[in-house]
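So you can see what is in the structure, the chains are spelled out below.
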Amino acid sequence: MQVSVQSARVTYEGAIAALDGVGLEIAPGELVSVVGPSGCGKSTLLRLIAGLIQPSSGSVSLSGQSPRAARGSGRLAFVFQDATLLPWRSVAANVALPLELQRTPGRNRAELVSRALELVALGEFARRYPDQLSGGMRMRASLARAIVTQPKLMLLDEPFGALDDITRHMLNEELANLWARDRWTGVFVTHNIAEAVFLSKRVLVMSPRPGRIVAEVPIPFDFPRDPALRARAEFAKLTGEVSRHLRGALA
Ligand code: ADP
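Residues numbered from 1 in each chain as written. Predicted model: local features only at pLDDT ≥ 70, side-chain atom pairs only at ≥ 80, totals over all residues. Heavy atoms only, no water.

S.K.: Before we go on, may I ask you to explain the pattern of salt bridges in this structure?
M.R.: Pairing of side chains with opposite charge becomes possible as their charged atoms draw close. Applying the stated rule across the entire model yields 9 salt bridges. For arginine 140, the salt bridge is made with glutamate 174, and the minimal N-O distance between the two is 2.7 Å. Placement of arginine 140 in helix α5 (residues 135-147) and of glutamate 174 in helix α6 (residues 165-182) is noted, with a sequence separation of 34 residues between them. A relative accessible area of 13% places arginine 140 in the buried class. Of the charged contacts in the structure, one is a salt bridge between arginine 181 and aspartate 182, with a shortest N-O distance of 3.2 Å. We classify arginine 181 as partly exposed; its relative accessible area is 45%. Within this structure, Glu30, Arg202 and Glu216 form a network of salt bridges that share partners. (Salt bridge = Lys/Arg side-chain N within 4 Å of Asp/Glu carboxyl O. Helix = DSSP H or I, 4+ residues; strand = E, 2+ residues; numbered from the N terminus. Buried < 20%, exposed > 50% of the residue type's maximum accessible area, 1.4 Å probe, protein only.)

So, in structure tokens, the structure goes:
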């Protein structure tokens, strides 16, 4: 799915301009990261793309459709920092939820759920409950719930922000593999520069509020991405470049 945001401005109640003059083009099947200081409007940008809020001026289109229409067609998935699983449902039943909402027939549902759980290495944990899982496993379940509908656009809002570094690294690798497999369009918000560089094909840097995109850094490494990439000099050079743009935006 193609994402096109043109001269978008978002103002919250109390006339706080969260975004101003945001323009953004993401090609179908491209995975981009968005980094910026806390409060610069990263979550607002994702909510705008998802059609959960409307721009006060400017426009958003998703492959020529309004975000609301695209959301209605079920081709859009959101992943939040909090895994937001229902505690009274098993892992499999949580992952099945979007399919139930779409009224997918039971037989197909079971097959899609087990496939999604296998893809995030949770096949053996289908019958467990969220409180029986580690934080990393809960996030995997949340990713499985997002990919189970085979979305065309994934919006990820600091999904790994609450995890320790080792788990975060593993999930970065798994997410890069999931993307390399299915090539959905992805917008990944984070304030972790290394994560942004590791995961995406392009890092967009936002200025403090009102947020605008002030720089973009292409990331030329091939997918699937090798964990050893993090130790390479080119990797350090790119994180340095993103970091310089961020400091520039703050100056
Ligand atoms: P980020 O994700 O980069 O931390 P947000 O998009 O959450 O930033 O917020 C951008 C700015 O908009 C912040 O100053 C925040 O306080 C403000 N903001 C976010 N949501 C609301 C809201 N519902 N009402 C009023 N102000 C909001």
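S.K.: Sorry, what's going on with the sheet that holds strand β2 (residues 16-26) here?
M.R.: Paired through their backbone hydrogen bonds, the strands of a sheet run either parallel or antiparallel. Strand order in this open sheet of 3 strands is β2-β1-β4, and the pairing throughout is antiparallel. Either end of the sheet is taken by a strand with one partner, and the two such strands are β2 and β4 (57-62). Going from strand to strand, the sheet's axes swing by 25° on average, the running direction of each strand aside. Where strand β1 (residues 3-12) and β4 come together, 5 bridges link them in antiparallel fashion. The residue bridging valine 3 from the neighbouring strand is leucine 62, located in β4. (Pairing = 2+ DSSP bridges. Axes fitted to C-alpha atoms, helices over the stretch in contact; angles between N-to-C directions.)

S.K.: For this particular structure, what's the right way to read the pairing of strand β7 (residues 185-189)?
M.R.: If a strand is regular, its side chains alternate between the two faces of the sheet. Extensive coverage of β7 is indicated by the burial of 5 of its 5 residues. Neither face of β7 is left uncovered, since the one carrying Thr185, Val187 and Val189 and the one carrying Gly186 and Phe188 both have all their residues buried. Judged from the 4 bridges that link them, strand β3 (residues 31-35) and β7 form a sheet pairing that is parallel. Each bridged residue has a counterpart across the sheet, and for serine 33 the counterpart in β7 is phenylalanine 188. Alignment of strand β6 (residues 153-157) against β7, held across 5 bridges, turns out to be parallel. Counted as the bridge partner of methionine 154 is glycine 186 from β7. For the crossover that starts at β6, traverses α6 and ends in the parallel β7, the hand is right-handed. (Right-handed = clockwise from strand over helix to strand, strands pointing away.)

S.K.: Where do I start with helix α1 (residues 42-49) in this structure?
M.R.: Think of an α-helix as 3.6 residues a turn; residues three or four steps apart then line up on the same face. For α1, the tally of buried residues reaches 6 of 8 residues, placing the bulk of the element in the interior. Taken as a whole, α1 has its buried residues at Lys42, Thr44, Leu45, Leu46, Leu48 and Ile49. The first or second residue beyond α1 is glycine 51, which carries a positive phi of 75°.

S.K.: Is there a simple way to explain the side chain of aspartate 157 in this structure?
M.R.: The topology assignment puts aspartate 157 in strand β6. The side chain of aspartate 157 sits in the buried core without any salt bridge; arginine 47 is the nearest counter-charge, 5.5 Å away. What aspartate 157 contacts, discounting residues up to four positions off in sequence, is Ser43, Leu46, Phe78, Val79, Phe80, Gln81 and Val189. (Lys, Arg positive; Asp, Glu negative; His and termini not counted. Contact = heavy atoms within 4.5 Å.)

S.K.: What should I look at first to understand the pairing of strand β8 (residues 202-206) in this one?
M.R.: Burial within β8 is extensive, with 5 of its 5 residues counted as buried. The alternating pattern of β8 places Arg202, Leu204 and Met206 and Val203 and Val205 on opposite faces, both of which are buried. Pairing between β3 and β8: 4 bridges, direction parallel. Looking across to β8, one finds that valine 35 is bridged to valine 205. Note that β8 and strand β9 (residues 213-218) share 5 bridges and pair antiparallel.

S.K.: Explain the sheet that holds β6 here, please?
M.R.: The 6 strands lie next to each other as β5-β6-β7-β3-β8-β9, forming an open sheet whose pairing is mixed. Edge positions in the sheet fall to β5 (76-79) and β9, since each of these pairs with one other strand and no more. Taken pair by pair, the neighbouring strands of this sheet meet at an average axis angle of 15°, ignoring direction. Strand contacts of helix α8 (residues 233-250): β3, β8 and β9, with the helix running at about 175° to β9, the strand carrying the most contacts.

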